[in-house]
Amino acid sequence: MRDQKYQKSFKDFPSLENLHASSRFALCKQPSPSGANIASEPSRYSLAAATGSKRSSADSDSLLCHVGLRRTSRFRFGCASGCEHGDSAGGNLALVLCHRLKAAGRRLPGALVLMSPWTDMTMSGASYAERAESDPMLTPEYIEAVRTAYAGGRDYASPDLSPLFADLTGFPPTLIQAGDHEILYSDAEMLCHALERAGVPCRFEVSEGMWHVFQMFPLRKAAAAMESVARFLLER
């Protein structure tokens, strides 16, 4: 028998906006391993190649998507609250979105779920060198190439590019997940410390032997991580 705390009507579950690293999510109602349904809305943002610009307008588009989702989530899903999820560069966008919402005086999401977030384009973390050999997914050279393509010529320490350096006070409760075999480990760990210093409730979960965004793979540890996400959202 399922845990009684999961026996809720659909309207009690949060709406979840996905900010993915490179692709678009299909609109769906996703069942979690625990049986908790989470209404998921895709975030459609422009790509640099489509806009003809060296730098994508993804951060601006994510703001528009979020505002639109907040206006329609109750009508379309009957959801009680809105949360942001981002993996990799999508985690960067989710944090930048919160920074922009805060600056604009708008209501922030009820929670953040970040998987292997890219938070520091200056690449100041020790894991870029220390874990380069153990990371089967990413290399420092790849990160350098991506940041040049996305924001070449700009100040990489700007909060709009490296939300690690933003004023994080007032941010929503945050769940951060990372593997201990990824070069972005420091990005996740330093973000957790920065959120804690800002007084933001933060949970940092590290999966041993796992790599960048391991949650996307058919693994037991991935299933356990997604179960943890469901529980975190249901606590909000």
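Higher on the page you've got the structure.
The shown structure was predicted, so the numbers you read here are calculated from the model rather than taken from an experiment. (Residues numbered from 1 in each chain as written. Predicted model: local features only at pLDDT ≥ 70, side-chain atom pairs only at ≥ 80, totals over all residues. Heavy atoms only, no water.)

**Thoughts on the nonpolar core**
Spelled out, the test is: Here the nonpolar core consists of buried residues drawn from Ala, Val, Leu, Ile, Met, Phe, Trp, Tyr and Cys, with membership extended through side-chain atoms lying within 4.5 Å. Remark: exposure states derive from per-residue accessible area (1.4 Å probe, protein chains only) relative to the maximum for the residue type, with buried under 20%, exposed over 50%, and partly exposed in between. Note on definitions: a residue-residue contact is assigned when non-hydrogen atoms from the two residues lie within 4.5 Å.
Membership of the largest hydrophobic core comes to 21 residues, with the highest contact counts inside it found for Leu-168, Phe-171, Ile-176, Leu-191 and Leu-195. Setting aside residues no more than four positions away along its own chain, Leu-168 makes contact with Lys-102, Pro-163, Leu-191, Ala-194, Leu-195, Ala-198 and Val-200. Counting residues in each nonpolar core, the second largest holds 13 residues, with Met-123, Tyr-128, Ile-143 and Tyr-150 among its members.

**So, the packing of aromatic side chains**
What counts here: Classification of ring pairs uses Phe, Tyr and Trp, with its six-membered ring standing for Trp, and accepts pairs whose centres are within 6.5 Å; under 30 degrees between planes counts as stacked, over 60 as edge-to-face, and the remaining range as tilted. Every helix listed is a DSSP run of H or I at least four residues long, and every strand listed is a run of E at least two residues long, numbered separately from the N terminus. Cation placement over rings: the criterion is NZ of Lys or CZ of Arg within 6 Å of the ring centroid and within 35° of the ring normal.
Counted by the stated rule, this structure contains two aromatic pairs. Judged by centre distance (5.8 Å) and plane angle (45°), the rings of Tyr-185 and Phe-204 are tilted. Within this pair, whereas Tyr-185 is found in helix H6 (residues 185-197), its partner Phe-204 is found in strand S7 (residues 202-207), the two being separated by 19 residues in sequence. Under the relative-accessibility criterion, Tyr-185 is labelled buried at 11%. On the basis of relative accessible area, Phe-204 is assigned to the partly exposed category, the value being 24%. Lying over the aromatic face of Tyr-185, Arg-131 brings its terminal NZ or CZ to 4.0 Å of the ring centre.

**A few points about the pairing of strand S6 (residues 174-179)**
Put simply, the test is: Pairing between strands is defined by DSSP: at least two bridges between the two strands are required.
For S6, the buried fraction is high: six of the six residues fall into the buried class. Residues Thr-174, Ile-176 and Ala-178 point to one face of S6 and Leu-175, Gln-177 and Gly-179 to the other, with burial holding for every one of them. Across four bridges, strand S5 (residues 112-115) lies against S6 in parallel orientation. If you follow Leu-114 over to S6, its bridge partner there is Ile-176. The pairing of S6 with S7 spans six bridges and is classified as parallel. Across the sheet, residue Gly-179 finds its bridge partner in S7, namely Ser-207.

**Section: the side chain of Ser-186**
Along the polypeptide, Ser-186 turns up in helix H6. Taking relative accessible area as the criterion, Ser-186 reaches 7% and is therefore assigned buried.

**Quick notes on the pattern of salt bridges**
Opposite charge on two side chains permits pairing when their charged atoms draw close. What counts here: Throughout this description, the term salt bridge denotes a Lys or Arg side-chain nitrogen within 4 Å of a carboxyl oxygen of Asp or Glu.
Taken as a whole, this structure holds four salt bridges when the rule is applied. Among the salt bridges present, the one from Arg-100 reaches Asp-160, with a minimum N-O distance of 3.8 Å. In this pair, Arg-100 is assigned in helix H3 (residues 89-103) and Asp-160 in the loop between helix H5 (140-151) and S6, connecting sequence segments 60 residues apart. Residue Arg-100 is classed as partly exposed on the basis of its relative accessible area of 24%. Asp-167 is the partner of Lys-102 in a salt bridge, and the nearest nitrogen-oxygen pair spans 3.3 Å. Of the two residues, Lys-102 sits in helix H3 while Asp-167 sits in the loop between H5 and S6, which places them 65 residues apart along the sequence. For Lys-102, a relative accessible area of 29% corresponds to the partly exposed category. Asp-167 sits in the partly exposed class, given a relative accessible area of 45%.

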